[in-house]
Amino acid sequence: MSNSEHLATVMVNAFIDAVDRGVDLVPVVADSTSTAKISPFVKKFPGRLVNVGIAEQTLVGTAAGLAIGGKIAVTCNAAPFLISRANEQIKVDICYNNTNVKLFGLNAGASYGPLASTHHSIDDISVLRGFGNIEIYAPSCPIECRQIIDYALEHIGPVYIRLDGKNLPELHDDSYQFAPGNIDILREGSDIALVAMGSTVHEIVDAATQLADAGISASVISVPSIRPCNTSQLLDALKSCKAVVSVEEHNVNGGVGSLVAEVLAEAGCAIPLRRLGIADGQYAIAADRASTRARHEIDAAGVVKNATALLNAKQ
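As the structure is a computational prediction, the values presented were derived from the model and not from experiment.

The rules behind each value
- Residues numbered from 1 in each chain as written.
- Predicted model: local features only at pLDDT ≥ 70, side-chain atom pairs only at ≥ 80, totals over all residues.
- Heavy atoms only, no water.
- Helix = DSSP H or I, 4+ residues; strand = E, 2+ residues; numbered from the N terminus.
- Rg over C-alpha atoms; globule rule 2.2 N^0.38 Å.
- Buried < 20%, exposed > 50% of the residue type's maximum accessible area, 1.4 Å probe, protein only.
- Areas by Shrake-Rupley, 256 points an atom, 1.4 Å probe, with all protein chains shown as cover.
- Core = buried A, V, L, I, M, F, W, Y, C linked by side-chain atoms within 4.5 Å.
- Contact = heavy atoms within 4.5 Å.
- Pairing = 2+ DSSP bridges.
- Axes fitted to C-alpha atoms, helices over the stretch in contact; angles between N-to-C directions.
- Phe/Tyr/Trp six-rings, centres within 6.5 Å; stacked < 30°, edge-to-face > 60°.
- Salt bridge = Lys/Arg side-chain N within 4 Å of Asp/Glu carboxyl O.

Chemist: Explain the overall build of the chain here, please?
Modeler: The helix and strand tally for the chain stands at 13 helices and 14 strands. The globule rule puts the C-alpha radius of gyration for 315 residues at 20 Å, and the 19 Å found for the chain is close to it. In terms of its C-alpha atoms, the chain occupies a principal-axis envelope of roughly 65 × 40 × 35 Å. By the burial criterion, 57% of the 315 residues in the chain qualify as buried. With the model as given, the accessible surface of the chain reaches about 12,200 Å², and the carbon-plus-sulfur share is 48%.

Have a look at this one:
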């Protein structure tokens, strides 16, 4: 695997390997073959792909039917359309009925940049956290992504996997072992805990390096497993620091920031928390990825600024 890879490519390679080893896997797309980068799969397994056209509700219903028929059904289309247009079908056909469907939300967050709010998925985690009976994951790099997908294909039950729409560099080597529920501590520190999910983990990795240059010791905590989540493990990691900053390309409500706030509040832990993301009542701006993250202060510079201010306010 290369040092940088598109997570949709990782997904397709995982599908190919799964069918090669005998998994009866059927991808379902909604005219999203380009988004899913599914061509290598179709070339090797012609006739195995189901394309329902631009009809996300049909996409989810079809996947549910395939799963009931014994197939491993995987949906592959853009996260904003999957979650918004097929909301009821996900809730009823997949979650409520515990159907063995794996939902892949591609180009999540503000991956579509200038295409603006209709194409941004900044509420997918919050929506699905409100649904029962579905596991939720957000990989931060190719190795972790592949391990999450391999797990999901073996797991019996609904799974949602949030995938970024850009190439991501590796954060792990081949010794890394993903486990459902576990958080991933990439760096230990004593002053401030930086917590993120998915592609924004790379921002807090860079921010921690910059903070270290300024004499601030930062923990870097990735949460690839939103549900299940080992909240005791997360709490232990947070309690080792004086303050916490959460970072996500998602609304500040319902995502990883809310998860952190819930963990701290339910434990009666009075550690200052600042949640960075798309602010309450706002949408992500229509711009390229770098500009979007800078505007909403979810890039490394924004994390450094807010972490420093939070620590100064605590003194």
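Chemist: I tried to follow the nonpolar core on my own but got confused; where do I start?
Modeler: In globular proteins that are soluble, nonpolar side chains generally tend to be buried together. In terms of nonpolar packing, the biggest core is built from 48 residues, with I90, Y160 and L238 touching the most fellow members. Residues contacting L238, with those up to four places away along its chain left out, are A193, V195, I221, V244, V260, L264 and I271.

Chemist: Hey, could you run me through the sheet that holds strand 14 (residues 273–278) in this one?
Modeler: Backbone hydrogen bonds are what pair the strands of a sheet, in a parallel or an antiparallel way. Across the sheet, five strands lie side by side as 9-11-10-13-14; this open sheet has mixed pairing. Unpaired on one side and paired on the other, strand 9 (184–187) and strand 14 mark the two borders of the sheet. Between one strand axis and the next, the sheet turns through 20 degrees on average, direction left out of account. Looking at chain direction, strand 10 (residues 192–196) and strand 11 (residues 218–222) are connected through five bridges and run parallel. Paired with L194 across the bridge in strand 11 is V220. Sheet contacts for helix 11 (residues 256–266): strand 10, strand 13 (243–251) and strand 14; angle to strand 14, the most-contacted strand, approximately 160 degrees.

Chemist: Would you mind showing me how to read unusual backbone geometry here?
Modeler: Negative phi values dominate among residues other than glycine, just as trans dominates among peptide bonds. Across the junction of R227 and P228, the peptide omega takes the value 5 degrees, indicating a cis bond. The residue P228 is located in the loop between strand 12 (225–227) and helix 10 (231–239) in this model. Unlike most non-glycine residues, D31 shows phi in positive territory, near 60 degrees. Examined against the element boundaries, D31 turns out to sit in the loop between strand 2 (25–29) and helix 2 (33–36). By relative accessible area, which is 49% here, D31 ends up partly exposed.

Chemist: Explain the packing of aromatic side chains here, please?
Modeler: Geometry of an aromatic ring pair is reported as the spacing of the ring centres plus the angle between the planes. If you walk through the whole model with that rule in mind, you get five aromatic pairs. Ring geometry for Y137 and Y151: centres 5.9 Å apart, planes at 80 degrees, overall edge-to-face. Of this pair, Y137 sits in strand 6 (residues 135–137) while Y151 sits in helix 8 (residues 142–154), placing them 14 residues apart in sequence. Looking at Y137, the relative accessible area reads 0%, which means it is buried. For Y151, a relative accessible area of 22% corresponds to the partly exposed category. One aromatic cluster is present, formed by Y137, Y151 and F178 through successive ring pairs.

Chemist: Help me out: how do you make sense of the pattern of salt bridges in this one?
Modeler: Going through the model one piece at a time under the given rule, you end up with 14 salt bridges. The residue R146 makes a salt bridge to D17 at a minimum N-O spacing of 2.8 Å. Here D17 lies in helix 1 (residues 7–20) and R146 lies in helix 8, a separation of 129 residues in the sequence. Across the pair R293 and E249 runs a salt bridge, and its minimum N-O distance is 2.6 Å. Taken together, the positions of R293 in helix 12 (residues 289–295) and E249 in strand 13 put the pair 44 residues apart, joining distant regions of the chain. Of the two residues examined, R293 and E249, each falls in the buried class. Among the charged side chains, a salt-bridge network with shared partners connects D164, E203, E249, R289 and R293.

Shape is all these values report; function is a separate question.
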